[in-house]
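These are the residues of each chain, in order.
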Amino acid sequence: MTASLRQPATETIVPVALGNRAYDIVIGRDAIRTLGERIKALRPGARVAILTDENVARAHLARVKEILKASGIESTPIVVKPGEGSKSYATFETVCEAIIAARIERNDLVVALGGGVIGDLAGFAAASVRRGLDFVQVPTSLLAMVDSSVGGKTGINSPRGKNLIGAFHQPILVIADTAMLDTLPAREFRAGYAEVVKYGLLGDADFFAWLEANWREVHGGGAAREHAIAVSCRAKAAIVARDERETGDRALLNLGHTFGHAFEAGAGFSQRLLHGEAVALGCVLAFEFSEQQGLLGGNSVARVRAHLADAGLPTKISDVQGGVPDVDRLMELIAQDKKVKRGRLTFILVRGVGQAFVANDVDPGAIRAFLDEKRGS
């Protein structure tokens, strides 16, 4: 970062320490106003393709183009349909062809302006076109700010499961402008909040306790919201720096995701169950299954269930609009999870709040019986 950059007064910078591929996460209200200057400092002379969706385009695209133009950066917008359905082979092809048609070269950039779907799609396209273009994440949802924009996981969905086609491709910059969350629908914000809670549940009991006391302020905005985002980003950045390609600790970030992804796929990647809602439900089930296996006691399960329910998130399978598939189908989806190794199921289980661990070779029979019980109740 150059000394000439104008920084918002409340700006927080979280570094992601990956050697010569290190980058900054810039967090703060109106942080977007430094986007052009930061891109110019990182990649002088670069042209930009901006990938976004129709909803985000209406709210933010014009201003982002103006910010880039003010820094002398030429940009071409690429607008796709909103929603998980855009993480598809067809849309991936459309985006790649549009980047090529815009004459974006290897020294140019792709900017992902949107939520997790746009970030994953833009990152995968950037990793693929011309065998790799640099890209910048500008997340516009809470979920994207605290999770999907950081760490370099990119990809699209398969009919057989979520995020099964993709690549590790790190951004060169993340700009998390918290003012963009002011216009986020309440349901989308709640879904993103599940990923914030996840960081407390997997490795920071004090943060979870803080969230229990302050979650209303986080939802309301202001200093508490920015603190929660910064803590979440620091937690993810630290794990990614230790284990970029998920050969060890990074798998902990999937707490709740193995169950959650199965429910999400079972709901057809639709508005019936948002990703963060699926993660919330998955976290509760991970705690309940851990308790059933004798791994934890006390009131941990009740605390997790109560907090997520208070925040307006699903905590029971019966909360899923339209229901979920039968156990056979759920087990088929779980068997396609990316953490499965040589047919053996891997789950992130817990010994308490803030005490997650990777459990290899989990008995499929135990999972099947557990899901059967939970579906019945």
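Residues numbered from 1 in each chain as written. Predicted model: local features only at pLDDT ≥ 70, side-chain atom pairs only at ≥ 80, totals over all residues. Heavy atoms only, no water.

Help me understand helix α12 (residues 327-335) in this model?
Each α-helix winds once per 3.6 residues, and so residues spaced three or four apart point in a common direction. Buried residues of α12: V327, L330, M331, L333 and I334, and no others. Summarising the axial view, the buried residues of α12 lie within an arc of 160 degrees, below the 170-degree limit, and thus occupy one face. Those residues of α12 hidden inside the fold are in contact with α9 (257-266), β10 (345-350) and α13 (364-376). (Buried < 20%, exposed > 50% of the residue type's maximum accessible area, 1.4 Å probe, protein only. Helix = DSSP H or I, 4+ residues; strand = E, 2+ residues; numbered from the N terminus. Arc of directions from axis to C-beta. Contact = heavy atoms within 4.5 Å.)

Is there a simple way to explain helix α7 (residues 205-220) in this structure?
The first and last C-alpha atoms of α7 sit 23 Å apart over 16 residues, in line with the 22 Å expected at 1.5 Å per residue. In the structure, α7 departs most strongly from a straight axis at N214, where the bend amounts to approximately 75 degrees. Of all the residues in α7, the buried ones are F207, F208, L211, W215 and V218. Where α7 is buried, its residues touch α6 (186-203), α8 (223-242) and α11 (300-310). Remark: G221 follows α7 within two positions and exhibits a positive phi of approximately 105 degrees. (Expected span 1.5 Å × (residues − 1). Bend = angle between axes of the 7 residues up to and from the residue.)

Just checking my understanding: could you explain the sheet that holds strand β1 (residues 12-16) for this structure?
Strand pairing in a sheet takes place through backbone hydrogen bonds and is either antiparallel or parallel in direction. What the seven strands build is an open sheet, ordered β1-β2-β9-β6-β5-β3-β4; its pairing is mixed. Of all the strands in the sheet, the pair left with one neighbour each is β1 and β4 (75-80). Mean inter-strand twist for the sheet, computed between neighbouring axes without regard to direction, equals 15 degrees. Running at roughly 155 degrees to strand β3 (residues 48-53), helix α2 (residues 54-70) makes contact with β3, β4, β5 (109-114) and β9 (173-177) of the sheet. Sitting on the sheet, helix α3 (residues 89-101) is in contact with β3, β4 and β5, with an inclination near 165 degrees to β4. (Pairing = 2+ DSSP bridges. Axes fitted to C-alpha atoms, helices over the stretch in contact; angles between N-to-C directions.)

Would you mind showing me how to read the side chain of T52 here?
Tracing the sequence through the fold places T52 in strand β3. Exposure remark for T52: the relative accessible area of 0% places this residue in the buried category. Ignoring sequence-local partners within four residues, the contact set of T52 consists of A57, L61, I78, V79, V80, L113 and I118.

Is there a simple way to explain the nonpolar core in this structure?
Buried together is how nonpolar side chains tend to be arranged in soluble globular proteins. Residues Y193 and L201 are the most contacted members of the largest nonpolar core, which totals 56 residues. Here this core gets nine residues from one element, more than from any other, and that element is α8. If we skip the residues at most four places from it in the chain, Y193 touches L142, L211, W215, V218, H219, H307, A311 and L313. Counting residues in hydrophobic clusters, the runner-up holds 30 residues, among them F259, V327, A366 and F370. (Core = buried A, V, L, I, M, F, W, Y, C linked by side-chain atoms within 4.5 Å.)

Would you explain the environment of V117 in this entry?
As for its placement among the helices and strands, V117 is situated in helix α4 (residues 116-128). Taking relative accessible area as the criterion, V117 reaches 17% and is therefore assigned buried. Residues V117 and V304, 187 residues apart in the sequence, show an inter-C-alpha distance of 27 Å. Not counting residues up to four positions away in its chain, the partners in contact with V117 are G83, E84, S86 and K87.

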